[in-house]
Structure formats: C-alpha cells, structure tokens
Amino acid sequence: AAETALPRLSAALARSRVADPRAELEGVVRELYELVERTRLGTALIERSALDQPALATLFYVDVRRKLIERLTRYLERRIRSGALRPVPDPPTAARLILETITWFARHRMGDADSAAIDDAAARETTVDFLVHGLAAAGRAKAAPRRR
C-alpha cells in the first residue's frame, strides 16, 4: 500500500475546485508514471506470479489496479463536470487509457526491440505531454454524455 500511494491523486480527489487544472492533471499523470516506472520490475514479477497464485491475482488486479482505475475515473468525472477537463465519451475508458499508456511507456517498451532504445526521459515527458494536452479543456466545457 505504501508503494502504491498516490498523494497527488488523493489531494486532487479531496479538492472540489482547482486554480490550475492543467498543472493538477500533470501532477497526477507524472506521479502515476513515476510509480509505474519505479515499480516496474516488482510489478512484472507480481503479474507473472499471479497466474499461479489466485490470492496475488486478487491483490494486484482487484485491490490495486481496479481501485486505481476507479480513483482515476472519479477524478476525471469531477474535473469534466467542473469544466476543468474536456469531455470524453467514457471516463472509465479514459482512466484505463491513461494507465495503459503510462504502463506501456514506463514498463512494456523495455521488452520491445524497437522501443527499448527510447530514452527514459523522452518516454516520460512525451507521455505526460500527450495525456495532459489530450485531456485539458480549451475553455469551460460541459461534460459529454456517457456512452453505454
């Protein structure tokens, strides 16, 4: 639990208003990237071991990852409703997109012969820039209707 704490995300969820939504989002995305990057070897070990250990699978996929996606979803929904972030078709899918994009660049690119050569800093900065600018509101926006 201590290894996966995300104080910036927790603080963002505790606030109802934010003066600089882009900076807040950047902090949340950066914090998550740093967590995934820092824990990449341990997480790979847990994911592989979870195949044979149902309790470990529950811990990782249900207690950690699913709850993280739920927290990211709540954050996105709140900021979209306030107009701080642009509307997206489905906030839970956007939350998963954030996590999976970060996970690929912080972890999985290392196993890809063509992508392993990407510099760590370039991967981190490009991912943060892309996600933040993709979600930041150009102005005050209304939330998009949620697709089912």
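Further up the page is the structure itself.
Anyway, here's the lowdown on the structure attached to this text. (Residues numbered from 1 in each chain as written. Predicted model: local features only at pLDDT ≥ 70, side-chain atom pairs only at ≥ 80, totals over all residues. Heavy atoms only, no water.)

We now examine the nonpolar core. The biggest cluster of nonpolar side chains holds 30 residues, and the ones touching the most others in it are Leu9, Leu32, Tyr75, Leu76 and Ile102. For this core, the secondary structure elements donating two or more residues are helix 1 (7-14), helix 2 (21-38), helix 4 (54-82), helix 5 (91-106) and helix 6 (120-135). It is helix 2 that provides the largest number of residues to this core, a total of seven residues. Tyrosine 75 has contacts with Leu9, Ala12, Leu13, Pro21, Glu24, Leu25, Val28 and Leu85, leaving out every residue within four places of it along the chain. (Core = buried A, V, L, I, M, F, W, Y, C linked by side-chain atoms within 4.5 Å. Buried < 20%, exposed > 50% of the residue type's maximum accessible area, 1.4 Å probe, protein only. Helix = DSSP H or I, 4+ residues; strand = E, 2+ residues; numbered from the N terminus. Contact = heavy atoms within 4.5 Å.)

This next bit is on the packing of helix 4 against helix 5. As a packed pair, helix 4 and helix 5 sit with axes 8 Å apart at the nearest point and diverge in direction by 120°. Between helix 4 and helix 5, the angle falls in the class oblique. In the crossing of helix 4 with helix 5, the sense of the turn from one axis to the other is right-handed. Of helix 5, the residues touching helix 4 (which contributes Arg65, Leu68, Ile69, Leu72, Thr73, Leu76, Glu77 and Ile80) are Pro91, Pro92, Ala94, Ala95, Arg96, Ile98, Leu99 and Glu100. Counted by class, the contact of helix 4 with helix 5 contains 11 nonpolar, one polar and four charged residues. (Axes fitted to C-alpha atoms, helices over the stretch in contact; angles between N-to-C directions. Parallel < 35°, antiparallel > 145°, perpendicular 65-115°, else oblique. Left-handed = near helix turned anticlockwise from the far one by under 90°. Nonpolar A, V, L, I, M, F, W, Y, C, P; charged D, E, K, R; others polar.)

Moving on, we come to the side chain of arginine 30. Mapped onto the fold, arginine 30 is located in helix 2. You can call arginine 30 buried: its relative accessible area is 17%. Side-chain polar atoms of arginine 30 contact the side chain of glutamate 125, separated by 2.8 Å. (Polar contact = N/O pair within 3.5 Å; in protein donor to acceptor, adjacent residues only side chain to side chain.)

Glancing now at the packing of aromatic side chains. Two numbers describe a pair of aromatic rings. These are the distance of the centres and the angle of the planes. Considering all chains together, one arrives at one aromatic pair under this definition. Plain terms: the ring middles of tryptophan 104 and phenylalanine 105 are 4.8 Å apart, the flat faces sit at 75° to each other, and that makes the pair edge-to-face. Tryptophan 104 gets classed as partly exposed once you look at its relative accessible area, which sits at 29%. (Phe/Tyr/Trp six-rings, centres within 6.5 Å; stacked < 30°, edge-to-face > 60°.)

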